[in-house]
Amino acid sequence: MLLDPGFLIVQTLNGLQLSMLLFLLSIGLSVVFGMMNFINLAHGTLYMVGAYLALSSVRWFDSYWVALVLAPLGVALIGAVFYAVLLRHMQRQSPMRQVLVTFGLIFVGFDAVRMVWGALPHTIPIPAALDGSVTVFGEIYPTYRLFIIALGVTVLIALHFGLERTRLGAVVRAGVDDRRMVAALGIDVERAFFLVFCLGCWLAGLAGVVSAPVFSIFPGMDMSILILTLIVVVVGGPGSLKGAVVGSFVIGMVDTYGQVLAPELARVTIYALMAAVLLVRPQGLFPVSQAH
Amino acid sequence: MIGRDPLHLPVAAALVIAAGVAWYGGDFFRHEVLAEIAIYAILAMSLDLLVGYAGLVSLGHAAFFAAGAYATAACTVFFGWPVSAATVAAVGCAAALAAVAGVFVIRVSGVFFIMITLALGQMVYAYFFKASEFGKDDGMAGIPRPDLSMIGLDATDPQVFSALTLIAAFGVWALLRTVVGSPFGAMLVAIHRNESRVRALGCPVPRYKLAAFVLAGAIGGFAGSLIAQHSGFVSPDLGFWTVSGEVLIMVIIGGMGSLVGAALGAVVMVLLRHELSHRAFWEAIGLPADLASYWQFVMGLIFIAIVLLAGDGLYGRLLTTWRRLRRS
Amino acid sequence: MNGKRIMAAALAAALLAGTTAAANAQSDIKIGVLLPYSGVFGGLGKDQDAAIEMGFDDFGREVADRGITLVKADTESKPNAGLAAVKKLILRDKVDLVVGIISSGVLAAVRDYVHGSETPLIVTNAGNVDITGERCSPWIVRTSFSNAQIVRDMGPWMAGEGYGTAFLMAFDYAAGHQMMDTFREGFEASGGRIVGEAYPPLGETKDFGPYLAQVKAADPDTVFVFFAGGPAIKFAKEWAAFGMKDEVQLSGAGWLNSALYVKKQGADAVGTLGALNYYPSIDTPENHAWQEKFRAAHGRDGSEFGVAAYDSARLIVSALEATGGNTDDKAAIVKAMHAVEFTGPRGPLRIDPMTNNVIQNIYVAQVEARGDSVAAAIRHTFPAVQDPPNGCTL
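Here goes a summary of the coordinates provided. Quick caveat, the model's predicted, so the values are computed rather than measured.

1. Here we look at the overall build of chain B
And then number 1: The helix and strand inventory of chain B stands at 14 helices and 2 strands.
And then number 2: Its C-alpha atoms give chain B a radius of gyration of 20 Å, near enough to 20 Å, the size a compact globule of 328 residues would have.
And then number 3: Nonlocal contacts in chain B, meaning residues at least 24 apart in sequence, comprise 76% of its contacts between residues at least 6 apart.

In structure tokens:
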């Protein structure tokens, strides 16, 4: 199979597409961890809510593109409310407690989508402009999946420049390195946290929308993606943008190829990979120096 | 909560009395629930040793629960061993698993520890899910309960079996209480509080962490053995990460670092789950019975509320209240 | 396996007092409904719940002056929770019969307990082969199907239609393997060849893309799959998107193109072949009447899940009428079920006394475009398909 160029092309594109999806999810999670030192276990729930909001937008406005704009904003709004109501007041408490609150939210979120949208699976149609397939190096490949890859690359580039060139980016980079130092410089860290958290939620919502036409939407879609995302973050090194990129790529590829080449190990490969990485590098591939 | 803990004996006594009263004159169903509570209390207390004392927050504790359950199933169904021997074997298997896995997992800490134990749990789950010798995802059935005919009792009677599990839970509590009161327990707490200082004093920290991990795993395996005997059936979902999560919730709700808090958490969780998923409960309090199918929603909210309002759990809250009362 | 029997006997002895003492000719007949109202199969549970209610509405909520009360319990789609729920029904609510169960995991978990308690259980979905085979019980009757029953005749039929090579794909769990193994047997015996197979891990597959790349490389005449629910929708859509639709015939156990999912697959599903015990397009007056009623109540096509639940209610009421509303003698109720025969929405059916599994028609259907919608049209009927005893000695 590995000698079949068609297989390699299609499979590598599949891997890239999963990598990009994981990147959209892991980057927000990772940067929030870097700045605020807590892992949002409800990140997968945000992804799921993004997909469901897309479903509703498509029903009301009959347009994927409206959904692509509205649903991530809706998720960001939910994130903002969550931050304002709960997280902001928990800043001084142990990070573990914040993690536990988000853990409780998984249960709440799961049943909440069942109440609102029911338990049967749904899908939304692929937008007409991206429906169908194109030929890549002689292989038929769905156009929409190429769109996901392109979108991921775009977000990656935008984030890179945002972090390097903007003031917020500078605060974030500094905040990941040493939070107290930034606060001591008189910068409103609180506001930066808030914006970064909302951006992370927006990206999770975006991931939910773009994956909705490819994967079916159902209660429980949050958990499988959450665990994969957490693994990406841990493998890459929490807090590191580079780590999120490389981690997404490695996990996306290993998962995609591993499923087919080592089906007996399909459930184990990713976990074993993470365990191996942690044994060699207990802080992940790209550890962020934890000065605080 | 670690340190001076003047309430654990009265609360433990209260739990024992409550269990006794509930058990006495209970019907079949109540005995079933009591056994379930006792088993989860054992599991939660073993996790509390890790979380509350050693400071190792594990999201993979169900791995030992499942390992103990499957070991019991294998020994009784395949080899025809008596249940007592199978229970010992189950504890041994879980301890061995914990020893092997522990060598790796204790090298990391904090959120990494959560992740690597989660991975451990999922690997064990995946193994049982795929293992055709253990019936794959359908699991294994036909696990007997201990033969007590020598003393004239029948363990298949829920009344007898629930008494057995309650006694076991009490025994585990006494054992763990001894452990955390020993120099070993004091060392775990010291490592939790300031690992680098303890290390600087020349103490072999990894060895202590490993010992705690193995002990917790062994007791988790014991709980697994009991759940296998309780339901007469094992399936991979015993090892699923949500089970680990639920046990962690028990420890948090009850209050970590006191053992008795974990047991209290198990009582609350099991009862809540039974009531919230019971349609008659919702009808009785005048709300739509359909809420019973959304019990996870309600439980999630309760959990969040407890984390927010009583960060030290129910037992911690009790302790604070008691201290305040005594001061005034 | 000896321990199992001892255990069951002991359980039975322990529980008999609890269950029979509660039965009382004057009181209501209590029927436990054991379905997943939450968890992954929550949607299917509600579908069957609605159909069971509809069934008792239609066939009577009273037998011989005794009312029928439904007591519902949630399996949460998890084996251990299902076992706890069935214990609750039998011990706490003291039900006379239990009806329900969607997932094979839950059925496997409750089997010994139900068997030991000697409470009749009418299974409305879960298709574990061994429950009406090696591990059959005089107390467990199934109105839905066995996994093997659905696909057994499909192998020879596909081979006869000229498909020489097949690629098998299902999730990696017991039901998936049972379906694929049964298909393989029939297909190979009729001269077909299996050129590849893939078993993605259940519940963790986010993407079929990697497996489709594998199928492409194997280049079979047909791909035979077993997927239901969300994955069935997803699979058909990706199948089309990867350009496989015009090159390889997609076929499978009929949940692939079942009523619940086919409209969501839309045009991508056109051409798909499936084998199932029910399709909404079955052209009989019984089915038309039922579909009309179901659509009026729920605004969508009734599915095979609904039919199995509806027929179960009918079977229960008929059997209880035969025993004159007496629920003390549980064995007599099951015996009465063996004598019940009727034509439901899916066609004629009865319970096989040899295995307690249902004997029913299996339909092969192909999805075709109808206006701007799609529907599965019946292409072939295997009449009165009956499972061999498979080691069951009832």
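2. Focus on the interface of chain B and chain A
And then number 1: The interface is formed by 25 residues belonging to chain B together with 27 residues belonging to chain A.
And then number 2: Mapped by element, the contributors of at least two residues to the side of chain B that touches chain A are α5 (111-130), α10 (241-254) and α13 (295-309) of chain B.
And then number 3: Looking at the side of chain B that touches chain A element by element, the count peaks at 9 residues for α13(B).
And then number 4: Across the side of chain B that touches chain A, the residue classes tally to 19 nonpolar, 5 polar and 1 charged.

3. Topic: the sheet that holds strand β1 (residues 29-35) of chain C
Residue and element names in this part refer to chain C.
And then number 1: Pairing in this open sheet of 6 strands is mixed, and the strands run β2-β3-β1-β4-β5-β6 from one edge to the other. The open sheet terminates on both sides in strands that have one partner only, identified here as β2 (62-63) and β6 (140-142).
And then number 2: In terms of strand pairing, strand β4 (residues 97-100) meets strand β5 (residues 121-123) through 3 bridges, oriented parallel. Looking across to β5, one finds that glycine 100 is bridged to valine 123.

4. Section: the pairing of strand β7 (residues 165-170) of chain C
On any regular strand, side chains alternate: one points to one face of the sheet, the next to the other face.
Residues and elements named next belong to chain C.
And then number 1: When you tally the buried positions in β7, you get 5 out of 6 residues, the bulk of the element.
And then number 2: Relative to strand β8 (residues 193-198), β7 runs parallel, the two sharing 5 bridges. Paired with methionine 169 across the bridge in β8 is alanine 198.
And then number 3: As a crossover connection, the stretch from β7 through helix α7 (residues 174-189) into β8 is right-handed.
And then number 4: Bridge count between β7 and strand β9 (residues 222-226): 5 bridges; the pairing is parallel. The residue of β9 that forms the bridge with leucine 168 is phenylalanine 224.

5. Here's the deal with the packing of helix α11 (residues 260-276) of chain B against helix α14 (residues 313-327) of chain B
Residue and element names in this part refer to chain B.
And then number 1: Two elements in contact, α11 and α14, have axes whose closest approach is 7 Å; the angle formed by their N-to-C orientations is 120 degrees. In terms of their interaxial angle, α11 and α14 are classed as oblique. Contacts between α11 and α14 involve Val260, Gly261, Leu264, Gly265 and Val268 on the former and, on the latter, Gly313, Leu314, Tyr315 and Gly316.
And then number 2: For the contact of α11 with α14, the per-class residue count stands at 5 nonpolar, 4 polar and no charged.

6. Some remarks on the environment of Leu228(A)
Residues and elements named next belong to chain A.
And then number 1: One can find leucine 228 in helix α9 (residues 221-236).
And then number 2: When the C-alpha atoms of leucine 228 and aspartate 255 are compared, they prove to be 9.5 Å apart, with 27 residues separating the residues in sequence.
And then number 3: Setting aside its immediate chain neighbours within four residues, leucine 228 contacts Leu22 and Ile251.

7. Section: the interface of chain C and chain B
And then number 1: At the interface, 33 residues of chain C touch 30 residues of chain B.
And then number 2: Broken down by secondary-structure element, the contributors of at least two residues to the side of chain C that touches chain B are α1 (2-20), β3 (66-74), α3 (79-92) and α4 (104-117) of chain C.
And then number 3: Ranked by the residues each element gives to the side of chain C that touches chain B, the list is headed by α1(C), at 8 residues.
And then number 4: Within the side of chain C that touches chain B, the residues separate by chemical class into 15 nonpolar, 8 polar and 10 charged.

8. Considering the nonpolar core
In globular proteins that are soluble, nonpolar side chains generally tend to be buried together.
And then number 1: One finds Ile42(B), Ala44(B), Ala66(B), Ala263(B) and Ala266(B) to be the most contacted residues of the largest nonpolar core, which totals 366 residues.
And then number 2: Looking at this core, the element that brings in the most residues is helix α2 (residues 28-53) of chain B, giving 18 residues.
And then number 3: Shared between two domains, this core takes at least three residues from each, and those domains are domain 1 (2-145 + 286-351) and domain 2 (149-276 + 362-385) of chain C.

9. Points about the pairing of β1(C)
All names here are of chain C.
And then number 1: Judged by how many residues are buried, β1 sits mostly within the fold: 7 of 7 residues are covered.
And then number 2: Side chains of β1 alternate between two faces, with Ile29, Ile31, Val33 and Leu35 and Lys30, Gly32 and Leu34 buried alike.
And then number 3: Bridge analysis of β1 against β3 gives 7 bridges, and the strand direction is parallel. Looking across to β3, one finds that isoleucine 31 is bridged to leucine 70.
And then number 4: Examined bridge by bridge, β1 and β4 share 4 bridges and lie parallel to one another. If you follow valine 33 over to β4, its bridge partner there is valine 99.

10. Comments concerning helix α1 (residues 5-36) of chain A
Residues that lie three or four places apart on an α-helix share one face, since the helix turns once every 3.6 residues.
Residues and elements named next belong to chain A.
And then number 1: Under the 1.5 Å per step criterion, the end-to-end length of α1 is 45 Å for 32 residues, consistent within 8% with the ideal 46 Å.
And then number 2: Largest kink in α1: about 30 degrees, centred on serine 26.
And then number 3: Of all 32 residues in α1, 26 are buried, a share of seventy percent or more.
And then number 4: Two residues or fewer past α1, asparagine 37 is found with a positive phi of approximately 65 degrees.

What counts and how
- Residues numbered from 1 in each chain as written.
- Chains lettered and ligands numbered in written order.
- Predicted model: local features only at pLDDT ≥ 70, side-chain atom pairs only at ≥ 80, totals over all residues.
- Helix = DSSP H or I, 4+ residues; strand = E, 2+ residues; numbered from the N terminus.
- Rg over C-alpha atoms; globule rule 2.2 N^0.38 Å.
- Contact = placed C-beta atoms within 7 Å.
- Nonpolar A, V, L, I, M, F, W, Y, C, P; charged D, E, K, R; others polar.
- Pairing = 2+ DSSP bridges.
- Buried ≥ 20, exposed ≤ 12 C-beta atoms within 10 Å, placed from the backbone.
- Right-handed = clockwise from strand over helix to strand, strands pointing away.
- Axes fitted to C-alpha atoms, helices over the stretch in contact; angles between N-to-C directions.
- Parallel < 35°, antiparallel > 145°, perpendicular 65-115°, else oblique.
- Core = buried A, V, L, I, M, F, W, Y, C linked by C-beta atoms within 7 Å.
- Domains from an automatic or database assignment.
- Expected span 1.5 Å × (residues − 1).
- Bend = angle between axes of the 7 residues up to and from the residue.

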